[in-house]
Amino acid sequence: MAGASKQNAPPEPRGETDDALLTVRAAEGDEDAFAVLVQAHAPALIRLATRLLGGRAEAEDAVQDAFISAWRRLPEFHHRSSFGTWMYRIVTNRCLNVLRARKPVVPLEAAGEPAAPEHAASPARIAEARDAVRALGEALDQLSVEQRACWVLRELDGQSYEFIADTVGISQEAVRARVFRARRCLTQAMGAWR
């Protein structure tokens, strides 16, 4: 997954030049220009937030809050990065704040070990697959907020370590360490599902 295609990169569907022009116009108060940016970038940002937060409704709220924040901060945007990269950073930080504010869940050790899988009938396999996805979600919930963000950006979104470091605001070495620890924790938590 780490080598995911460019389709998961921050979107620049019309090109960076068009986004830069739209961003300048939006910073000058052009709501239509900002609406074009929102329409172009929202789908990828909602996918990212859903992966980080685990729920579509919460993800949509986080992305909406991020766009409101971006609208207010557009005059401060200095084009050091593309609009898409800037929005990825805002959404990731918004999601990290949501995750940090969540109440802790039951420790993984208290959840017990799942039963060994049955491979007899297709309805059982469907149920098993759903249980495995649920178990992965629970295992992701046990990661630290920073580990989860780095793992999702790397493994599910296919982002580079450099991009993740810039987005999360840490060094590339710290990103690599968090992804490594997240992989190790997830491998242990999902051991019964192999």
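Given the structure is predicted, the values throughout are model-derived calculations rather than measurements.

Contact geometry of helix H4 (residues 83-101) with helix H7 (residues 145-156) gives a least axis separation of 10 Å together with a crossing angle of 140°. Taken together, the axes of H4 and H7 are oblique relative to one another. The hand of the H4/H7 crossing is right-handed. In contact with Tyr88, Thr92, Leu96, Leu99 and Arg100 of H4, H7 contributes Val145, Glu146, Arg148, Ala149 and Leu153.

Right, let's talk about the side chain of Ser82 for a bit. Considering the arrangement of structural elements, one finds Ser82 in the loop between helix H3 (56-73) and H4. By relative accessible area, which is 13% here, Ser82 ends up buried. Within the structure, the side chain of Ser82 is placed 3.0 Å from the side chain of Thr85, a separation counted as a polar contact.

What follows is about the packing of H7 against helix H9 (residues 172-189). Two elements in contact, H7 and H9, have axes separated by 8 Å at closest approach and are oriented at 90°. In this view, H7 runs roughly perpendicular relative to H9, as classed from their interaxial angle. Residues Glu146, Gln147, Cys150, Trp151, Arg154 and Glu155 of H7 lie in contact with H9, whose contacting residues are Val175, Arg178, Val179, Arg181, Ala182, Arg183 and Leu186. Of the residues assigned to the contact of H7 with H9, the class counts are six nonpolar, one polar and six charged.

Moving on: the environment of Arg72. Secondary-structure assignment places Arg72 in helix H3. A residue is classified by how much of its surface remains accessible, and Arg72, at 64% relative accessible area, is exposed. Counting along the chain gives 45 residues from Arg72 to Ala27, while the straight-line C-alpha distance between them is 8.7 Å.

A word on H7. Residues three or four positions apart in an α-helix share a direction because the helix packs 3.6 residues into each turn. Under the 1.5 Å per step criterion, the end-to-end length of H7 is 16 Å for twelve residues, consistent within 8% with the ideal 16 Å. The buried fraction of H7 amounts to ten of the twelve residues, a majority that puts the element mostly inside the structure. Of the residues making up H7, those classed as buried are Val145, Gln147, Arg148, Ala149, Cys150, Trp151, Val152, Leu153, Arg154 and Glu155. As for H7, its buried residues are in contact with helix H2 (31-53), H4, helix H6 (122-142), helix H8 (161-168) and H9. Among the residues trailing H7, Gly158 stands out with phi positive, at a value near 70°.

Once that is clear, we can look at the pattern of salt bridges. A complete count under the given rule lists nine salt bridges for this structure. Here Asp157 and Arg51 are joined by a salt bridge, their closest N and O atoms 2.6 Å apart. With Asp157 in the loop between H7 and H8 and Arg51 in helix H2, this residue pair connects regions lying 106 residues apart in the sequence. We classify Arg51 as partly exposed; its relative accessible area is 27%. Asp131 is the salt-bridge partner of Arg134, the closest N and O atoms lying 3.0 Å from each other. Pair noted here: Arg134 and Asp131 are both in helix H6, with a separation of three residues, about one helical turn. Look at Arg134 and you get partly exposed, because its relative accessible area is 46%. One salt-bridge network, in which partners are shared between bridges, spans Asp131, Arg134 and Glu138.

Cut-off values and rules
- Residues numbered from 1 in each chain as written.
- Predicted model: local features only at pLDDT ≥ 70, side-chain atom pairs only at ≥ 80, totals over all residues.
- Heavy atoms only, no water.
- Axes fitted to C-alpha atoms, helices over the stretch in contact; angles between N-to-C directions.
- Helix = DSSP H or I, 4+ residues; strand = E, 2+ residues; numbered from the N terminus.
- Parallel < 35°, antiparallel > 145°, perpendicular 65-115°, else oblique.
- Left-handed = near helix turned anticlockwise from the far one by under 90°.
- Contact = heavy atoms within 4.5 Å.
- Buried < 20%, exposed > 50% of the residue type's maximum accessible area, 1.4 Å probe, protein only.
- Polar contact = N/O pair within 3.5 Å; in protein donor to acceptor, adjacent residues only side chain to side chain.
- Nonpolar A, V, L, I, M, F, W, Y, C, P; charged D, E, K, R; others polar.
- Expected span 1.5 Å × (residues − 1).
- Salt bridge = Lys/Arg side-chain N within 4 Å of Asp/Glu carboxyl O.

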